[in-house]
Each structure stands twice: as C-alpha cells, then as structure tokens.
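Architecture at a glance
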Amino acid sequence: MDHRNAGYDRLFGTDTLSFGVGFPLTDSRESSPPVAREMELAAHAERVGFDALWARDVPLYWPRFGDAGQTFETWTWLSHVAAHTSEIALGTASVVLPLRHPLHVAKSAASIDRLSDGRLVLGVATGDRDPEFPAFGVDADERGELFRESVDVLRTVWREEFPELDSTWGTLDGSLDLVPKPTTETLPLLPTGHARQSVEWIGDHGDGWFFYHLPTNTLESYLDEWRTVADEKPYAMAVRTELADDPRAGPEPLHLGYRAGSDWFADYFSTLDEMGVDHVLVSTPGRDPETELTRFAEEVVERVR
C-alpha cells in the first residue's frame, strides 16, 4: 500500500529524528489567533528547519478542557497554511474520526493533499472531550468501532474507483466515486494514543503510531512492543517543551513535558532518537514566538541532527 507522500517522507524518510510544531504558534488558546501572524510564524518555522506544522481538531470549545486548538476548522486552516508554505509537512493532531463522516474526511484530506503537493499526514483519534459526543449524536461507547469502520472507509474510497462498500456510515453501490484522489494510493494515517484499539490493530492498519509524552522507562517498553508488532513503521510523540533562558538549566517536569535549557533538550531528544522515536511534536510558547522558534531550531534541532 503506497502511503509515502511528500509529507510522510519529510517526517520519516531519513534515520534522523524530525521535529514538528503545533498551532497556535502565538499565545492564543481560547480566542481566535491572529491569522496573519500565525502564517508569518508558519513560514518562519519552515525557514528555520522544522519538518511539520500540526493543526488540532477541536469541533467545539469546552472551557473545562482548557483550550480550543487553533480555533479555526482543521481543513480550512491547513488549506490556508498550505498556501503560505512550500515544503514543510502539514499534519492533523488529530482528526476525531467518530465525529466526522468518513466521506467528508476523505474528500477534505485528499483535497488538501493535492493542493499542498502531497504534504498532508493524518493523525487520527477517537476523541476525548466528553460533551462533544452527545452534541453530535454519537454514542461515546461506540467510538472504537466507529473509528475502525471510518479507517476502512477512508482506505477504500482513496484506493478504489467507484467502490462498493457497506458500513455503519452508509452504503456505496459502485455508482459514485470520491474525487480528488490523494497524491498516493492512500494517505498516511497515524492513530493517536490507543484510539480504543489494540497495539496489534494499530500496527496492522496504521502507517505509524502517534503517542503522548511518556517517562523514558515507559517509553522504552512501548517502543519494544511497537517494534514487535509493527517492525519499521514509525513512532511519533508529542512533548511539551519550554526553553529556559539558561541553556544549562536542568529539567523541570511539566504536564506532558519539561521546562529546561537547550543543552538538556539536545541530550534528551538525542536519546529519543537513539531509542527509535522518529518524530516529535514540540511546543514553543512565549511572548516572542519567532525568537523561540529560532532558538529551538538552532540550539536543539540542529544539534540533534
């Protein structure tokens, strides 16, 4: 199955750890981010050497959860980002498949993949914001099954012309086709977390695994299990990162990551590279995000490579 589009190759085409950064790149968390500034920062991230820009899928804002991602709808946002960048991979982190009809996902994703010359990589998930499920009329207990069926629909309509398919989502009788098709046989799918599936299922049906930050000892056991079931398929992870002013500062634990100096981060990510992690999604918060992106690229990314 051909899934190695330009975005996938940018992230996983070498033996070196690749780095991505997530929207919003400004400090906006609840209100709409300044669009022009976000696009300037996206282009800057590309220039200084980041490999991917990741957009969240947050259909509805739930204040208790703490943020609204980049606020704007995922596909619309990534289409705008594609027009302001040229080579950097574009990722979803992650599309909540049980809340979206797979035919809509398939068409939107293939469209962005085509418009960006094959730069789209899809993180896909089952969702974790409880009130969204009744809002969309979806039984939260069925999200694991809906996720599996959605993946099957996506693969089928991307690969086949005028397919025949019968699922919970609907029926295709061979008289309809999905256009455009993506730039490759199927778009790369990275199940996020466990997505209510076994690791074996993820290894069989995913093109990689996207997970959250884990302590190093726990991560080692996850990587061992992943390599057992998935062989060389890539492993990506998200790590919250805050650069201290002092490059020699040691680590301070944060939720799903660390605050530390660039020396420590360079050693940490070099260790992840040696362990077999293939891509990391990092954060660069701060009042001057352009400077933070540059610092992280020069003081961490370049040293790891």
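Structure: above.
So, here is what we can say about the structure in this document.

What counts and what doesn't
- Residues numbered from 1 in each chain as written.
- Predicted model: local features only at pLDDT ≥ 70, side-chain atom pairs only at ≥ 80, totals over all residues.
- Heavy atoms only, no water.
- Salt bridge = Lys/Arg side-chain N within 4 Å of Asp/Glu carboxyl O.
- Helix = DSSP H or I, 4+ residues; strand = E, 2+ residues; numbered from the N terminus.
- Buried < 20%, exposed > 50% of the residue type's maximum accessible area, 1.4 Å probe, protein only.
- Patch = residues over 30% accessible without salt bridge, like charges linked within 9 Å, V, L, I, M, F, W, Y side chains within 5 Å.
- Areas by Shrake-Rupley, 256 points an atom, 1.4 Å probe, with all protein chains shown as cover.
- Lys, Arg positive; Asp, Glu negative; His and termini not counted.
- Charge placed at Lys NZ, Arg CZ, Asp CG, Glu CD.
- Phe/Tyr/Trp six-rings, centres within 6.5 Å; stacked < 30°, edge-to-face > 60°.
- Lys NZ or Arg CZ within 6 Å of the ring centre and 35° of its normal.
- Expected span 1.5 Å × (residues − 1).
- Arc of directions from axis to C-beta.
- Contact = heavy atoms within 4.5 Å.
- 1 Å grid on protein atoms, 1.4 Å probe; cavity = no way out; pocket = protein on both sides within 12 Å on 5 of 7 lines; lining within 4 Å.
- Points joined across faces, edges and corners; volume = space filled by probe spheres on them.
- Nonpolar A, V, L, I, M, F, W, Y, C, P; charged D, E, K, R; others polar.
- Polar contact = N/O pair within 3.5 Å; in protein donor to acceptor, adjacent residues only side chain to side chain.
- Pairing = 2+ DSSP bridges.

**Let's talk about the pattern of salt bridges**
Pairing is possible between side chains of opposite charge, provided their charged atoms come close. In total, this model carries 18 salt bridges according to the counting rule given. With a shortest N-O distance of 2.3 Å, Asp51 and Arg305 are connected by a salt bridge. Here Asp51 is found in the loop between helix H2 (35–48) and strand E2 (52–55), whereas its partner Arg305 is found in the segment after helix H10 (289–304), with 254 residues between them in sequence. Under the relative-accessibility criterion, Asp51 is labelled buried at 7%. Arg305 sits in the partly exposed class, given a relative accessible area of 44%. Connected through salt bridges with shared partners, the residues Arg10, Asp51 and Arg305 form a single ionic network.

**What about a negative patch on the surface?**
Together, Asp139, Asp141, Glu142 and Glu145 make up a negatively charged patch on the protein surface. Positionally, Glu142 belongs in the loop between helix H5 (132–135) and helix H6 (143–159).

**Re the packing of aromatic side chains**
Scanning the model with the defined rule gives 23 aromatic pairs in all. Note on Phe265 and Phe269: the rings are 5.9 Å apart at their centroids and 20 degrees apart in plane angle, and the pair reads as stacked. Here Phe265 pairs with Phe269, and both are found in helix H9 (residues 262–275), just four residues apart, close to one helical turn. The residues Phe265 and Phe269 share a single accessibility class, namely buried. A network of ring pairs unites the aromatic residues Phe19, Phe50, Tyr258, Trp264, Phe265, Tyr268, Phe269 and Phe296 as a single cluster. The ring of Phe133 has Arg143 lying over it, and the distance from NZ or CZ to the ring centre is 4.4 Å.

**Brief notes about H9**
Counted at 1.5 Å a residue, the expected span for H9 with its 14 residues is 20 Å, and the 20 Å between its end C-alpha atoms agrees. Of all the positions in H9, only Ser262, Phe265, Ala266, Tyr268, Phe269 and Leu272 are classed as buried. Seen along its axis, H9 keeps its buried residues to an arc of 165 degrees; they face one direction. Facing away from the buried side of H9 by more than 90 degrees, the exposed set consists of Asp267 and Glu274. Looking at the buried side of H9, the elements it contacts are strand E1 (18–22), helix H8 (216–230), strand E9 (235–243), strand E11 (257–260), strand E12 (279–282) and H10. Looking one or two residues past H9, Gly276 carries a phi angle of roughly 110 degrees, positive in sign.

**With respect to the layout of surface pockets**
In this structure, the largest pocket encloses a volume near 1300 Å³. Taken together, 46 residues form the lining of the largest pocket, with Arg56, Asp67, Ala93, Ala238 and Leu256 sitting closest to its centre. Counting only elements with at least two residues in the lining of the largest pocket, the list comes to E1, strand E3 (89–96), strand E8 (209–211), E9 and E12. Per-element accounting of the lining of the largest pocket gives the leading share, four residues, to E9. Looking at the lining of the largest pocket residue by residue, the class counts come to 21 nonpolar, 14 polar and eleven charged. Roughly 280 Å³ of volume is contained in the second largest pocket. Considering the residues around the second largest pocket, the lining is formed by 17 residues, among which Phe12, Thr14, Glu232, Pro234 and Asp278 are closest to the centre. Sorting elements by how many residues they give to the lining of the second largest pocket places helix H1 (residues 6–12) first, with three residues. Along the lines of polarity and charge, the residues of the lining of the second largest pocket split into six nonpolar, four polar and seven charged.

**Digging into the environment of Ser167**
Tracing the chain through its elements places Ser167 in strand E5 (residues 164–167). Setting aside residues up to four positions removed in sequence, Ser167 forms contacts with Glu149 and Val153. A polar contact is formed between the side chain of Ser167 and the backbone nitrogen of Trp169, at a distance of 3.1 Å.

**Observations regarding the pairing of E5**
Residues Leu165 and Ser167 point to one face of E5 and are all buried, whereas Glu164 and Asp166, pointing to the other face, are not buried. Here E5 runs beside strand E6 (residues 170–173); their pairing, made up of four bridges, is antiparallel. By the bridge assignment, Ser167 is partnered in E6 with Gly170. In sequence, E5 turns back onto E6 through a hairpin of two residues.

**Side note on the side chain of Arg119**
Position of Arg119 relative to the elements: it lies in the loop between helix H4 (102–115) and strand E4 (120–125). With near-sequence residues (within four places) excluded, Arg119 lies in contact with Gly7, Glu46, Ala82, Thr85, Ser86, Glu87, Ile88, Ala89, Leu90 and Asp113.

**Topic: unusual backbone geometry**
For the bond running from Ala93 to Ser94, omega is 0 degrees, close enough to zero to count as cis. By secondary structure assignment, the location of Ser94 is in strand E3. Between Val179 and Pro180 the backbone carries a cis peptide bond, its omega angle lying at 0 degrees. Assignment of secondary structure puts Pro180 in the loop between E6 and strand E7 (189–191).

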